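Commentary on secondary and tertiary structure
The residues making up each chain are set out below.
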Amino acid sequence: MRSRWHLRVNALVLGWLVAAALVAVEHSGVPEARWLVVHALLLGAVSTAILIWSAHFAEAVRRRALRGGHRDQAIRLVTHTVGATTTVVGTVVGSLAVVVAGAVLVGLVAVWHGVVLWDQSRRALTSMLGWTTSFFVVAVASLPVGIALGVLLGRASGEAHSLLYIAHVGSMLLGWVGLTVVGTLVTLWPTMLRVRMQPGGARPARQGFVALVLGLVLVVTGAVLGLRWLAAVGLGAYLAGLVRSAVPLVDEARRRRPGSFATRSVAAASLWWCGSVLAWLVVLVFAAGWPEVEVRVGELLAPVVVGFAVQVLLGASSYLVPMILGGGPAVVRVTNAVADSWGTMRLVLVNGGLALSLLPGPRLLVFSASAVVVAALVWTPVLLVRVAVLARRARPQPTASVVTTSSLPGLGGAVRVPSRLRGQRGQVLAAGAVLTLVVVVGIAADPERLGTGAAGAGVPPTGAVVEVAVELRDMRFEPSAVDVRAGDELVLVVTNTDDSVHDLVLETGASSGRLAPQESARIEVGVVGDDLSGWCSVAGHRQMGMVFDVRALGADSSGGATGRAQTLGLRPAQGGFVELVPAVAGHYPFVSHRMVDAERGAHGILEVAG
């Protein structure tokens, strides 16, 4: 019964992971792609897993079932899924009412879950590790706060946007995700390592809990009030709490070194988390203002979301899923081996690829490294699905008295690794070869280095370089469109003159990165062969009108230059000219593409005599 329950509810987690992977792969054609990936992972996969496993561990350490049992848990999970999906859809279509409706559902689920956990702690008998559910209760209390701040964030601008952003990220990451993970590892980590907790080992974790909660409150309060020093003090306290809570975990790892994929993945995730919090603290101390803090914290989302949250989720799942599904010692040994197969290679690809993607370098290198990370991450859920299939096949029949791996179809040869790669050294070398290939190809074949671009495929370069200054202000791009001859190389110098954080992302994947007020960046677009669309990727800004167009003069829809039509964009008091050689006599229309100007008479007919 328990295994069937976990198979069903963890299918929701798998669904969110698949959705995030699809958006990551198709990011160039998906509006709000960056926001969607982050929230599909955090609000979707990670939050669903937290609702599932916090209930599981609360029941385990308190030795008492939650009120309502699996029925109420199922209602909460379905409601959370509906609410999270509604919030995502509302953000994409730009509907505040839909976002609020989804946020209310997610918030209600969090409150309900928190009340149930508190009620269980009140009714249950005292146990040695029962106090760890306090992590879950405070974490759940952080979720409605973070959701409310996120809703307000969608309509804020200027410094208020930056303040709400930091408070929102703090509530969700430091509170909802961070506290849950730390509280879970107090009991899960020694179990994964198969070592006993030392007497007195709970004391550092208790002290760390106090520092973590105090730090969380100070960070959110300091951000809301605009007191950067207070937020920095809070983040320092939070970091101290992490270090203090890690003392027994490090001691347990010394007694038995992490050797499985699950334990090493959780260890790597913990390092990414501590490093990210430290980097965040440095940003708070040395940034010029809140908008710069917002930009730099946004740049830390990749190591936090992928390096920490997703990696700890996959690592813990790789241990928990075989244990929960069971099937007897023989079956568990095989399913554990399946979950652990190619573990070293997966770890090197994820962490090495993530490190490469964070380094400044050619766009193709960053894209290739990110693709390797996504592929390596997807590898783990695929193995866990295989674990579930094998465990289901291994379920004893009513007439069976003994279950062995040799008697079960598919289990006898469950893990097949080429002999040269069975050792960790072989897997490290293989992963290193993949990452080396990514670096070489990413640098050597980068379109900017070769003088071409994704938009210039099939168009002969003219050799001309066009540099255009673009300003970001008043929730608009100025100019909102630029005209370039097909074959010319385009460089955009983007400057944010607004009081809010913005960016410019082109459909080719070229981006300015998040820009604080008065910051500038150059976008090497490359050779232009067709029209391009661009936008600001900050959530909600595209729907509010922050769109940008690159128009290729003399290019048809297939990307080739035909000369059949030309477009000229003119700023106020600016002149220009077009060259055309009509093939035949006739009447040729010209018109302003601004419909309001066309309606006022900005159109005409060019008559060409034979």
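The coordinates are above.
Let me sum up the structure you'll find in this document.

Parameters at a glance
Residues numbered from 1 in each chain as written. Predicted model: local features only at pLDDT ≥ 70, side-chain atom pairs only at ≥ 80, totals over all residues. Heavy atoms only, no water. Helix = DSSP H or I, 4+ residues; strand = E, 2+ residues; numbered from the N terminus. Buried < 20%, exposed > 50% of the residue type's maximum accessible area, 1.4 Å probe, protein only. Phe/Tyr/Trp six-rings, centres within 6.5 Å; stacked < 30°, edge-to-face > 60°. Salt bridge = Lys/Arg side-chain N within 4 Å of Asp/Glu carboxyl O. Core = buried A, V, L, I, M, F, W, Y, C linked by side-chain atoms within 4.5 Å. Contact = heavy atoms within 4.5 Å.

**Focus on unusual backbone geometry**
Geometrically, the link from E478 to P479 is a cis peptide bond, its omega value of 0° lying close to zero. Assignment of secondary structure puts P479 in the loop between strand 2 (476-478) and strand 3 (481-485). Not every positive phi belongs to a glycine, and R194 is a case in point at roughly 60°. Inspection of the secondary structure puts R194 in the loop between helix 6 (158-193) and helix 7 (202-225). In the Ramachandran plot, Q518 falls in the positive-phi region, its phi being about 75° despite a non-glycine side chain. On the secondary structure map, Q518 appears in the loop between strand 5 (505-506) and strand 6 (520-527). Given a relative accessible area of 57%, Q518 falls into the exposed group.

**Here's the deal with the packing of aromatic side chains**
Tallied over the full model, the rule gives five aromatic pairs. Summarising the aromatic geometry, the rings of Y238 and W273 are spaced 6.2 Å apart at their centres and angled 90° between planes, so their arrangement reads as edge-to-face. One end of the pair, Y238, is in helix 8 (residues 228-255); the other, W273, is in helix 9 (residues 261-286), and 35 residues separate them in sequence. A relative accessible area of 0% means that Y238 is categorised as buried. Assessed through its relative accessible area of 4%, W273 is described here as buried.

**Comments concerning the pattern of salt bridges**
Any two side chains of opposite charge can pair, so long as their charged atoms come close to each other. For the coordinates displayed, the defined rule picks out 12 salt bridges. The salt bridge partner of E299 is R296, with a shortest N-O separation of 3.1 Å. Of this pair, E299 and R296 both sit in helix 10 (residues 290-299), separated by three residues, roughly a single helical turn. Take E299: its relative accessible area is 45%, and that puts it in the partly exposed class. Residue classification places R296 among the partly exposed residues on the basis of a relative accessible area of 22%.

**Notes on the nonpolar core**
In this structure, L174, W176, W273 and W280 are the most contacted members of the largest nonpolar core, which totals 125 residues. When residues in this core are grouped by element, the largest group, 20 residues, is from helix 6. W280 has contacts with I166, V169, G170, L174, L235, V297 and L300, leaving out every residue within four places of it along the chain. By size, the runner-up hydrophobic cluster in this structure holds 25 residues, among which are M475, V494, L506 and L515.

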